[in-house]
Amino acid sequence: MPTPLRIVLAEDSVLLREGLTGLLLRFGHEVVAAVGDAAAMRGAVAEHDPDIVVTDVRMPPGFQDEGLRAAVALRAERPALPVLVLSQYVQRAYAAELLESGDGTGVGYLLKDRIGQVEEFVDALARVAAGGTVVDPEVVRHLLRRHRDPLAALTPREREVLALVAEGHSNGAIARRLVVSEAAVGKHIGNILGKLDLPPAEDTHRRVLAVLAFLRA
């Protein structure tokens, strides 16, 4: 039986929050607070001084990266506070900042698929609480990708299309310049956005981000 831990759990899904609470209790841990948003998580940490924080990435009100940003802020305030982040996806910028916070110990980033592998999840929790670092292999792949030339995966034609996008040309204008169909240009741009790891998002303009990547390369 692992050493009992006092845990602050932050997860906006009530079903998952209750499921995780039950799982942690079954392994002898104490969930001192189970909350549904980042502000409540920070308040619970101040009130309970837990052994570890387990938090989701996307939380109210914006359901973007509130939980992860709160975790980074907590680590800035309390570098020795162990934090285990659970997510359905990899938020690279803040993931890197979280993993670099403090002295890089007592921190973890797991994809939620790992929760189904109960023994592995509980072991990761214990290792992070003890000062270890646990990172999902998929997270590692994403973080390594940010250190490479972001345009390296683009074909010569895709680079040409991106250069024309950077010059401010519309899809129709690019099609005329390259003597191809507008549908072909749209396909090239779709491939570019995919290779640059720019999924659809409500608060960002992917063409602008692609151009920024081109200008920084």
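This one's a predicted model, so the numbers in the text were calculated from it and none came from an experiment.

(A) Region of interest: the nonpolar core. Within the largest apolar cluster, 27 residues are counted, with the highest numbers of intra-cluster contacts made by Val8, Met41, Val53, Val83, Val85, Leu98 and Tyr109. Contributions of two or more residues to this core are made by β1 (6-10), β2 (30-35), α2 (38-48), α3 (66-77), β4 (83-87), α4 (92-100) and β5 (107-111). At five residues, α3 tops the list of elements feeding residues into this core. If near-sequence neighbours (up to four positions away) are discounted, Val53 is found in contact with Val8, Met41, Val45, Leu81, Pro82, Val83 and Leu84. By size, the runner-up hydrophobic cluster in this structure holds 20 residues, among which are Leu5, Leu9, Leu24 and Val54.

(B) Structural view of unusual backbone geometry. The omega angle of the peptide bond from Pro60 to Pro61 is 5 degrees, so this bond is cis rather than trans. Turning to its location among the elements, Pro61 is positioned in the loop between β3 (52-56) and α3. Of note in this structure, Phe63 is not a glycine but carries a positive phi near 55 degrees. Counting through the fold element by element, Phe63 comes out in the loop between β3 and α3. By relative accessible area, Phe63 is classed as partly exposed at 41%. Positioned with a positive phi, Val179 is a non-glycine residue whose angle comes to about 55 degrees. On the accessibility criterion, Val179 (72% relative accessible area) is exposed.

(C) Just the UniProt feature "modified residue: 4-aspartylphosphate" (unreviewed entry) in the chain, in detail. With numbering matched to this structure, UniProt assigns "modified residue: 4-aspartylphosphate" (unreviewed entry) to Asp56. Locating Asp56 in the fold gives a position in strand β3. Judged by its relative accessible area of 5%, Asp56 falls in the buried class. For Asp56, the residues in contact, after removing those within four places along its chain, are Ala10, Glu11, Asp12, Gly67, Leu68, Leu86, Ser87 and Lys112.

(D) The arrangement of the side chain of Arg17 in detail. Relative to the helices and strands, Arg17 resides in helix α1 (residues 14-26). Despite its burial, Arg17 remains without a salt bridge, the nearest opposite charge being carried by Glu18 at 6.3 Å. From its side chain, Arg17 meets the backbone oxygen of Glu11 in a polar contact 2.6 Å long. For Arg17, the residues in contact, after removing those within four places along its chain, are Leu9, Glu11, Asp12, Ala34, Val35 and Gly36.

(E) Just the packing of helix α8 (residues 171-178) against helix α9 (residues 182-195), in detail. Taken N-terminus to C-terminus, the directions of α8 and α9 make an angle of 110 degrees; their axes are 8 Å apart at the nearest point. Comparing their axes, α9 and α8 come out roughly perpendicular. Seen from α8, the contacting residues are Asn171, Gly172, Ile174 and Ala175; seen from α9, they are Glu182, Val185, Gly186 and Ile189. Taken together, the residues of the contact of α8 with α9 break down into four nonpolar, three polar and one charged.

(F) Region of interest: the pairing of β1. Most of β1 sits inside the fold, with four of its five residues counted as buried. Direction of pairing for β1 relative to β2: parallel, over a ladder of five bridges. Bridge pairing links Val8 to Ala33 in β2. Tracing the backbone out of β1, into α1 and back to the parallel element β2 gives a crossover that is right-handed.

(G) Structural context of the environment of Tyr89. Along the chain, the position of Tyr89 falls in the loop between β4 and α4. Sequence separation of Tyr89 and Lys112 is 23 residues, and the distance between their C-alpha atoms is 8.4 Å. Apart from residues no more than four positions distant in its own chain, Tyr89 is found in contact with Val57, Arg58, Gln64, Asp65, Tyr109 and Leu111.

Calculation criteria
- Residues numbered from 1 in each chain as written.
- Predicted model: local features only at pLDDT ≥ 70, side-chain atom pairs only at ≥ 80, totals over all residues.
- Heavy atoms only, no water.
- Core = buried A, V, L, I, M, F, W, Y, C linked by side-chain atoms within 4.5 Å.
- Buried < 20%, exposed > 50% of the residue type's maximum accessible area, 1.4 Å probe, protein only.
- Helix = DSSP H or I, 4+ residues; strand = E, 2+ residues; numbered from the N terminus.
- Contact = heavy atoms within 4.5 Å.
- UniProt positions renumbered as here; feature names shortened; annotations may be inferred.
- Lys, Arg positive; Asp, Glu negative; His and termini not counted.
- Salt bridge = Lys/Arg side-chain N within 4 Å of Asp/Glu carboxyl O.
- Polar contact = N/O pair within 3.5 Å; in protein donor to acceptor, adjacent residues only side chain to side chain.
- Axes fitted to C-alpha atoms, helices over the stretch in contact; angles between N-to-C directions.
- Parallel < 35°, antiparallel > 145°, perpendicular 65-115°, else oblique.
- Nonpolar A, V, L, I, M, F, W, Y, C, P; charged D, E, K, R; others polar.
- Pairing = 2+ DSSP bridges.
- Right-handed = clockwise from strand over helix to strand, strands pointing away.

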